[in-house]
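Remarks on the overall topology
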2 protein chains.
Amino acid sequence: MDQRRSPTASERKRDPERTRALLLEAAAAEFGAKGYAATRTTDIAARAGVNKQLISYYFGGKEGLYKELATSWHSSAAEMAHEDQPLDVVLSSFVATTLTDHGRLWAWSNLAGDSPPTDEAFLRGQVDQMRERQAKGELPADLDPGLLLLALMAAAAAPLTLRQTASQITGEDPATPEFAEKYAAQLALLVRHLSGRS
Amino acid sequence: MDQRRSPTASERKRDPERTRALLLEAAAAEFGAKGYAATRTTDIAARAGVNKQLISYYFGGKEGLYKELATSWHSSAAEMAHEDQPLDVVLSSFVATTLTDHGRLWAWSNLAGDSPPTDEAFLRGQVDQMRERQAKGELPADLDPGLLLLALMAAAAAPLTLRQTASQITGEDPATPEFAEKYAAQLALLVRHLSGRS
DNA sequence: GATTAAGTCAACCCGTTGGATGAAAACCGT
DNA sequence: ACGGTTTTCATCCAACGGGTTGACTTAATC
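Below, the structure is looked at part by part. Think of each chain on its own: its residues are numbered from 1, step by step along the sequence as written. As a convention, the first chain written is A and the first ligand written is 1, with the rest following in written order. Note on the predicted model: pLDDT of at least 70 is required for a residue's local features to be given, and 80 or more for side-chain atom pairs to be given and counted; whole-chain, interface and lining totals, by contrast, use all residues. The side-chain quantities take in all heavy atoms of the structure and omit both hydrogens and water.

**A word on the relation of the copies chain B and chain A**
Laying chain B over chain A is done by rotating through 180 degrees and shifting 0.0 Å along the axis; what remains is an RMSD of 0.1 Å. Such a combination of turn and shift is consistent with a two-fold rotation axis. The atoms used to superpose the copies are C-alpha atoms, taken from residues with pLDDT of at least 70 in both, and the fit is least squares.

So this is what it looks like as structure tokens:
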């Protein structure tokens, strides 16, 4: 019964990989919900269902855990790029990430200004796409592509960054898939109007 | 020399009003910079140049001070409304508030979800204005006025809520008057395109 | 000027938080 | 089986942060 190569045997009493993953997941949720400063390491450990000392063991403390998250999501952001999709699709997927723990974390770190929250290459690529769309006439050419991207990203992130205001305006909970879908549809309409086609 | 009615004599050794004001100002700056949880009462007192105990004396503690700020800015927000200005002017002034301590505080509380950050009446008024603009043909009529307002507010708040990303995209510091002006101009162009007129 | 109240401050208190210590438990190769 | 290593845990500790206490100072009132 040599099962030394049983990959991540689901019922192991000891599993460093699983523990690390549990902690990262729990940390993303906690940090995303309350922000770095308000998050207690005890809560992270409790959510992960492991001893809190393991945070120090695996990540060298609270800050190390946070930084690990900050870098880890950069890779995932690159996936989101999905090359050159239509603008409304990009916006829609961006609205979707708004609901994730990583999205909330991104918003916090953006405000706090601790770690560069977005992959530089990703942003550059998106700006280029904007330029292309302007060249194709899909978007007004007299706008600065960077600032246009910024405005659209900010608008797409509204359910997250302006969570409370969104709730006050609409009376609904912006943190639901239904809201995200509805909102993304509105944004799609909006950019359509930008292109000149009504 | 009866000067008991000397109003807020500027050179008094003791002046409750001034002290309260100093604390409120310092608190807005500190809370705005780091958020509630990361802010230390010691720092607030130091910035105000007074003893930290006075926070308890005048506001009943850190939380009381925070709440005082939260309610105080509601009144100032109402002023910003300025009745029915053109949309680009409204957006521009909104971008401007982005640079203030109160603006930063507003962003934090929006993320944290602690206190309703915006005056309900103000929002209602703005939504109504949106509806009017749609009726006048200044804005597309097939968009939900509330969600449109939300998107525009979020876009206007980008230099604040997406401070880091904005910096990454443009290479400039979004927290400057110059940037705000430039960005507001772009937003004005953008909404002009929305109205159909290029 | 004496008495009283309001404002300010330095020092201490105590719960909380993140991290450290050392031991126990599970895994590994032999 | 068994010794060594890695992973996990219960307990403890020092630093920090917000709040309180009580004394001192200034201003108002008599």
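The rest of the description comes next.
**Considering the pattern of salt bridges**
The working definition used for a salt bridge is a side-chain nitrogen of Lys or Arg within 4 Å of a carboxyl oxygen of Asp or Glu. Taken as a whole and assessed by the stated rule, the structure comprises 16 salt bridges over all chains. Its salt-bridge partner being Glu 63 of chain B, residue Lys 67 of chain B comes within 3.1 Å of it at the nearest N-O pair. One end of the pair is Lys 67 of chain B and the other is Glu 63 of chain B, both in helix α4 (residues 62–81) and 4 residues apart, which spans about a single turn. Of the charged contacts, one joins Asp 101 of chain B and Arg 104 of chain B as a salt bridge, the two residues approaching to 3.1 Å between their closest N and O atoms. Note that Asp 101 of chain B and Arg 104 of chain B are positioned in helix α6 (residues 101–112) at a spacing of 3 residues, about one turn of the helix. Given a relative accessible area of 26%, Asp 101 of chain B falls into the partly exposed group. Counted as one network, the salt bridges with shared partners bring together Glu 30, Lys 34, Asp 43 and Arg 47 of chain A. Secondary structure elements follow DSSP: runs of H or I no shorter than four residues count as helices, runs of E no shorter than two count as strands, and numbering proceeds from the N terminus. Classification of residues uses two cut-offs on accessible area relative to the type maximum, computed with a 1.4 Å probe and protein chains only: under 20% is buried, over 50% is exposed, and between them is partly exposed.

**Here we look at the protein's contact with DNA strand D**
Residue proximity to a molecule or strand is established when one non-hydrogen atom of the residue lies within 4 Å of it. Lining the immediate environment of DNA strand D, one finds 20 residues, of which Arg 14, Thr 19 and Tyr 58 of chain A together with Arg 14 and Lys 52 of chain B sit closest. Each atom of DNA strand D within 4 Å of the protein was assigned to sugar, phosphate or base; sugar and phosphate come to 53%. Polar contacts, as used here, are pairs of N or O atoms within 3.5 Å; protein pairs need one atom able to donate a hydrogen and one able to accept it. Residues neighboring in sequence count only if both atoms are side-chain atoms. Between Asp 15 of chain A and DNA strand D, the recorded distance is 3.4 Å, taken from a backbone N or O atom to a phosphate oxygen. Thr 19 of chain A places a side-chain nitrogen or oxygen 2.7 Å from a phosphate oxygen of DNA strand D. Those elements that provide at least two residues to the surface near DNA strand D are α1 (16–34) and α3 (53–59) of chain A together with α3 (53–59) of chain B. The biggest single contributor to the surface near DNA strand D is α3 of chain A, with 4 residues. Grouping the constituent residues of the surface near DNA strand D by class yields 5 nonpolar, 8 polar and 7 charged. Residue polarity is assigned by list, with Asp, Glu, Lys and Arg as charged and Ala, Val, Leu, Ile, Met, Phe, Trp, Tyr, Cys and Pro as nonpolar; anything else, Gly included, falls into the polar class.

**A short note on the nonpolar core**
Grouped burial of nonpolar side chains is what soluble globular proteins tend to show. Here, nonpolar core refers to any group of buried Ala, Val, Leu, Ile, Met, Phe, Trp, Tyr and Cys residues whose side-chain atoms link them within 4.5 Å. Of all hydrophobic cores here, the largest spans 100 residues; its most connected members are Leu 150 and Tyr 183 of chain A together with Leu 150 and Tyr 183 of chain B. Contacts were defined at the residue level, with two residues in contact if any of their heavy atoms lie within 4.5 Å. Discounting residues that sit within four places of it in the chain, Leu 150 of chain B has contacts with Ala 158, Leu 162, Ala 166, Ile 169, Phe 179 and Tyr 183 of chain A. Grouped together as the second largest cluster of nonpolar side chains are 8 residues, Ala 107 and Trp 108 of chain A together with Ala 107 and Trp 108 of chain B included.

**Notes on helix α8 (residues 145–156) of chain B**
Residue and element names in this part refer to chain B. One less than the residue count of a helix, multiplied by 1.5 Å, gives the span that helix is expected to have. Its 12 residues place the ends of α8 16 Å apart at the C-alpha level, agreeing with the 16 Å of an ideal helix rising 1.5 Å per residue. Burial analysis of α8 places 12 of its 12 residues in the buried class, which makes it a mostly covered element. Capping the start of α8, Asp 144 holds a side-chain oxygen 3.0 Å from the backbone nitrogen of Gly 146, two or three residues further along.

**Some remarks on the layout of surface pockets**
In this structure, the largest pocket spans a volume of roughly 620 Å³. Points on a 1 Å grid over protein atoms alone make up a cavity when a 1.4 Å probe fits among them but cannot get out, and a pocket when they form an open set with protein on both sides within 12 Å along at least five of seven lines; lining residues each have an atom within 4 Å of a point. Along its surface, the largest pocket is lined by 33 residues, and Trp 108 of chain A together with Gly 35, Tyr 36, Ala 37 and Trp 108 of chain B are the ones closest to its centre. Listed by contribution, the elements that provide at least two residues to the lining of the largest pocket are α1, α4 (62–81) and α6 (101–112) of chain A together with α1 (16–34), α4 and α6 of chain B. With 6 residues, α4 of chain B is the single largest residue contributor to the lining of the largest pocket. Here the residues of the lining of the largest pocket are counted per class, giving 17 nonpolar, 8 polar and 8 charged. Grid points are joined across faces, edges and corners, and a volume is the space filled by probe spheres set on the points. Put simply, the second largest pocket is a space of about 400 Å³. Contributing to the lining of the second largest pocket are 17 residues, with Pro 86, Leu 87, Asp 88, Arg 133 and Glu 138 of chain A lying nearest its centre.

**A look at the protein's contact with DNA strand C**
In the vicinity of DNA strand C lie 19 residues, with Arg 14 and Lys 52 of chain A together with Arg 14, Thr 19 and Tyr 58 of chain B positioned nearest. Within 4 Å of the protein, the contacting atoms of DNA strand C are drawn from sugar and phosphate to the extent of 53%. Lys 52 of chain A is positioned with one of its side-chain polar atoms (N or O) 2.5 Å from a base oxygen of DNA strand C. One of the side-chain N or O atoms of Gln 53 of chain B is found 3.1 Å from a base nitrogen in DNA strand C. Of all the secondary structure elements, the ones that give two or more residues to the surface near DNA strand C are α1 and α3 of chain B. The leading source of residues in the surface near DNA strand C is α3 of chain B, at 4 residues.

**Focus: the packing of aromatic side chains**
The description of an aromatic ring pair rests on the distance of the ring centres and on the angle between the ring planes. Only centres within 6.5 Å qualify two rings of Phe, Tyr or Trp (six-membered ring in Trp) as a pair; their planes then separate them into stacked at under 30 degrees, edge-to-face at over 60, and tilted for everything else. In this structure the tally under the stated criterion is 15 aromatic pairs over all chains. Ring centres of Phe 31 of chain A and Tyr 66 of chain A lie 5.2 Å apart, and the angle between their planes is 90 degrees; this geometry places the pair in the edge-to-face category. Taken as a pair, Phe 31 of chain A in helix α1 and Tyr 66 of chain A in helix α4 lie far apart in primary sequence, 35 residues in all. Tyr 66 of chain A carries the same exposure label as Phe 31 of chain A, and that label is buried. Each ring, one from Phe 179 of chain B and one from Tyr 183 of chain B, has its centre 6.1 Å from the other, and the planes form 15 degrees; the classification is stacked. A residue pair is termed a helical-turn pair when its members lie 3 or 4 positions apart in one helix, as Phe 179 of chain B and Tyr 183 of chain B do in helix α11 (residues 177–194) at 4 residues. With respect to burial, Phe 179 of chain B and Tyr 183 of chain B carry one shared label: buried. What links up through ring pairs into an aromatic cluster is the set Phe 31, Tyr 36 and Tyr 66 of chain A. The ring of Tyr 36 of chain A has Lys 62 of chain A lying over it, and the distance from NZ or CZ to the ring centre is 4.4 Å. Whether a charge sits over a ring comes down to the Lys NZ or Arg CZ being within 6 Å of the ring centre and within 35 degrees of the ring normal.

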